[in-house]
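# A look at the structure
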Amino acid sequence: MKKKLIKVMDTSFRDGFQSVYGARVLTKDFLPAVEAAVKAGVRYFESGGGARFQSLFFYCNENAFDMMDSFRRTVGPDIELQTLARGINVVGLESQSSEVIRLHAQLFKKHGVSTIRNFDALNDVDNLIFSGRCIVEAGLKHQVVVTMMELPPGCEGSHTPEFYLQVLRKILDAGIPYDSVCFKDASGTSTPDKVFKTIAAARKMLPAGTFIDFHTHDTAGIAVASYRAALDAGADGIDLAMAPVSGGTSQPDILTMWHALRGSNYDLGIDIEKIAEAEKVFTECMKDYFMPPESRAVDPIIIFSPMPGGALTANTQMMRDNGTIDRYPEVIRAMSEVVRLGGFGTSVTPVSQFYFQQAYNNVMFGPWVKIADGYGKMVLGYFGHTPVAPDPKIVKIASEQLKLQPTTESTLGLNDADPAKSIEAFTKKLKENTLPVTDENIFIAATCQAKGIAYLKGEAQQNIRKNSQNTVTQQAKLAGSAAAEAQVAQAGQNSPVSPGRAKGYAVSLKDKDYEVFFEGKKAVVNGRTYEVDISEITHELVTRPVFAEPVSGINCDVPSPLPGAIIRLNCKEGDRIRKGDPVFVVEAMKMETEIKAPVDGTIHRILVNQGGQVAAGQVVIRIV
């Protein structure tokens, strides 16, 4: 009997990077591995989109469009390159206007993309109609998506085979143009039985010959079984990755799946020896990158969250940056309630980020004390219709905190009516910052907001994690190992700055104030990190502890309530301010928190530069 040839998309250079390294990988480092994969016979790659768009501007100090061009040059003109889009959110967390959605498709076509996989995290088909039409009109192939996951135990009301088939029926009835269909499980929690029943029924519903792809992650340890179930149900394609970014939070390894299908009626159409050689090249390319231990784990607790593999390390990396990685287990546990009460949107970006942000806030501030902007807008209807109605109490809290009324209006209609989301508004922003007005820059401003403008102005900083850049102390911090940190401390080095009341020094020099924290062989000065070589000396230095009692004449110190980056200062020294005036904005976990003056007065000192990192409780502004 002739074997069925299964089409494999290599996700290593998009989902693999996102799932393992939080999407923080430099282009020059991985292109040799792409070239090796092509030589090994790979003809279908996931090459960008999703978090790999914003992350290049946010963390790599690179232009995503330049990366896309380099990828296309490396593989040549005939290889299929696919990117990931989030419906009307395209490649951002915020939903966009019709103008920006159309521009997304046109620009991705211009920069070498062949196919766009297009999903809506709420499975709101209305959010796929216009975005799908733009993809096809731009001359790209459109892979339309139904998003899947397993609900936390005890929940019911959606995410059944019947629910997914209803979504698929709506896609067909809406007349959305498409070239193929994908069932996408970003959390890897859908049971093999559910996968089989869903795809088998979809095969009967779809026109004969329709290409069906299935996508999952190995975060919960059932990916290989789920892929086999999908193939037995009639799927034509699956997504796999190469070492070192395969398994764990990512997709199963190409070699692993080849082995799992030995003796079956399925053929992946690969040369196993050549793929093994390509994996050696890839592993060598990535040898200097810090591998978060959680990215390699199969974690059964994920079925209670469910936390997507592609978002897991992105969030743990941000928690490391903010010094809160020790709270990660609490946040994951808190996600279950956030999902239960939030309307059962699929745990895939941007909804997975909304879930995680709200769980993070519930852990850091107390349950429902602070509603995350994205989560609040989702339960209020500003991203579309959730599969089931969110909990009325949470809707009420979100409405009160965000000062927004619930809505049932079209998200696209709301965005098109909002002048701040128009191409004209982003063009104006570019001009205000004396930046070139190009389609690419307009799109960067729209999807990356202030960080995109900072990149275009040359103000962005690289924030990737390589082993060679870390001392023993930082490695312990990165791995979240309290025992390793304790060993370092016993050896006589300073342990990392911990969340909360960090110990440091406020130094006055030539009428300027500096806050200095020491972390092993690094000094953090007003939020900027410098490599230093510290040795003990006998001179006495006159310093004052950062968190000492206020000195005479200082009425109020304004601290950051949480660890993060000061992305905006709304005042300068000498400004007169009134109680309630916004004085700075701190960003943590992709959330912006505006801090207001607690008293009337004059800005006496600004102790942290814009862009600087702060610990929770660290003083940012002094008011007299």
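Residues numbered from 1 in each chain as written. Predicted model: local features only at pLDDT ≥ 70, side-chain atom pairs only at ≥ 80, totals over all residues. Heavy atoms only, no water.

### Looking at the nonpolar core
The biggest cluster of nonpolar side chains holds 106 residues, and the ones touching the most others in it are Phe 13, Phe 45, Phe 183 and Phe 443. Sorting elements by how many residues they give to this core places helix H19 (residues 439-456) first, with 9 residues. By size, the runner-up hydrophobic cluster in this structure holds 45 residues, among which are Phe 119, Leu 122, Ile 332 and Ala 334. (Core = buried A, V, L, I, M, F, W, Y, C linked by side-chain atoms within 4.5 Å. Buried < 20%, exposed > 50% of the residue type's maximum accessible area, 1.4 Å probe, protein only. Helix = DSSP H or I, 4+ residues; strand = E, 2+ residues; numbered from the N terminus.)

### Re the sheet that holds strand E17 (residues 564-569)
Reading across from one edge, E20-E19-E17-E22 is the order of the 4 strands in this open sheet, with antiparallel pairing throughout. Taken across any chain shown, the strands that pair with only one partner, and hence form the sheet edges, are strand E20 (591-596) and strand E22 (613-614). Examined bridge by bridge, E17 and E22 share 2 bridges and lie antiparallel to one another. Bridged to Ala 565 within E22 is Gln 613. (Pairing = 2+ DSSP bridges.)

### Re the side chain of Ser 336
Topologically, Ser 336 is positioned in helix H13 (residues 328-341). In contact with Ser 336, other than residues within four places in its own chain, are Pro 152, Phe 304 and Ser 305. (Contact = heavy atoms within 4.5 Å.)

### Here's the deal with the packing of aromatic side chains
Under the definition given, this model contains 25 aromatic pairs. A centroid spacing of 5.7 Å and a plane angle of 85° characterise the contact between Phe 214 and Tyr 227, whose relative ring orientation is edge-to-face. Highlighted residues: Phe 214 in strand E8 (residues 211-215) and Tyr 227 in helix H9 (residues 223-233), separated in sequence by 13 residues. Classification of Tyr 227 as buried rests on a relative accessible area of 0%. (Phe/Tyr/Trp six-rings, centres within 6.5 Å; stacked < 30°, edge-to-face > 60°.)

### Here's the deal with the pattern of salt bridges
Enumeration according to the criterion identifies 27 salt bridges in this entry. Of the charged contacts in the structure, one is a salt bridge between Lys 466 and Asp 29, with a shortest N-O distance of 2.9 Å. One end of the pair, Lys 466, is in the loop between H19 and helix H20 (472-479); the other, Asp 29, is in helix H2 (residues 27-39), with 437 residues separating them in the sequence. One exposure class covers both Lys 466 and Asp 29, and it is buried. Residues Lys 194 and Glu 150 are paired through a salt bridge, measuring 3.1 Å at the closest nitrogen-oxygen approach. Note that Lys 194 is positioned in helix H8 (residues 192-205) and Glu 150 in the loop between strand E6 (141-148) and helix H7 (161-173), a separation of 44 residues in sequence. A residue is classified by how much of its surface remains accessible, and Lys 194, at 6% relative accessible area, is buried. Here Glu 150 falls in the partly exposed class, since its relative accessible area comes to 21%. Through salt bridges with shared partners, a single ionic network connects Lys 4, Arg 203 and Asp 236. (Salt bridge = Lys/Arg side-chain N within 4 Å of Asp/Glu carboxyl O.)

### Some remarks on the pairing of E8
In regular strands, side chains alternate between the two faces of the sheet. Most of E8 is tucked away, with 4 of its 5 residues classed as buried. Sheet topology note: the strand E7 (residues 180-185)/E8 ladder contains 5 bridges and is parallel. Counted as the bridge partner of Cys 182 is Asp 213 from E8. In this fold, E7 hands off to H8, which returns the chain to E8; that crossover is right-handed. Two elements, E8 and strand E9 (residues 237-240), share 2 bridges in a ladder whose sense is parallel. Its bridge partner lying in E9, Asp 213 is registered against Gly 237. Each parallel crossover has a hand, and the one from E8 via H9 to E9 is right-handed. (Right-handed = clockwise from strand over helix to strand, strands pointing away.)

### Some remarks on the sheet that holds strand E18 (residues 576-577)
Two pairing modes exist for strands in a sheet, parallel and antiparallel, and in both the strands are linked by backbone hydrogen bonds. Ordered in space as E16-E23-E21-E18, the 4 strands form an open sheet in which the pairing is antiparallel. Two strands in the sheet have a free side with no partner beyond their single neighbour: strand E16 (556-559) and E18.

### Details of helix H3 (residues 51-58)
Extensive coverage of H3 is indicated by the burial of 8 of its 8 residues. Those residues of H3 that fall on the buried side of the exposure criterion are Ala 51, Arg 52, Phe 53, Gln 54, Ser 55, Leu 56, Phe 57 and Phe 58. Those residues of H3 hidden inside the fold are in contact with helix H1 (12-21), H2, strand E3 (44-49), helix H4 (64-75), helix H5 (98-110) and H19.

### Quick word on the packing of H2 against H4
Orientation of H2 relative to H4, taken along the N-to-C sense of each, is 30°, at an axis distance of 9 Å. The orientation of H2 with respect to H4, classified from their angle, is roughly parallel. Like other packed secondary-structure pairs, H2 and H4 cross with a definite hand, here right-handed. Every residue of H4 that contacts H2 at Thr 27, Phe 30, Leu 31, Val 34, Glu 35 and Val 38 is listed here: Met 67, Ser 70, Phe 71, Thr 74 and Val 75. Split into classes, the residues belonging to the contact of H2 with H4 amount to 7 nonpolar, 3 polar and 1 charged. (Axes fitted to C-alpha atoms, helices over the stretch in contact; angles between N-to-C directions. Parallel < 35°, antiparallel > 145°, perpendicular 65-115°, else oblique. Left-handed = near helix turned anticlockwise from the far one by under 90°. Nonpolar A, V, L, I, M, F, W, Y, C, P; charged D, E, K, R; others polar.)

### Let's talk about a nonpolar patch on the surface
A surface patch of nonpolar side chains, amounting to about 230 Å² of accessible area, comprises Ile 301, Ile 303 and Phe 304. By the element assignment, Ile 301 lies in the loop between helix H11 (272-285) and helix H12 (309-322). (Patch = residues over 30% accessible without salt bridge, like charges linked within 9 Å, V, L, I, M, F, W, Y side chains within 5 Å. Areas by Shrake-Rupley, 256 points an atom, 1.4 Å probe, with all protein chains shown as cover.)

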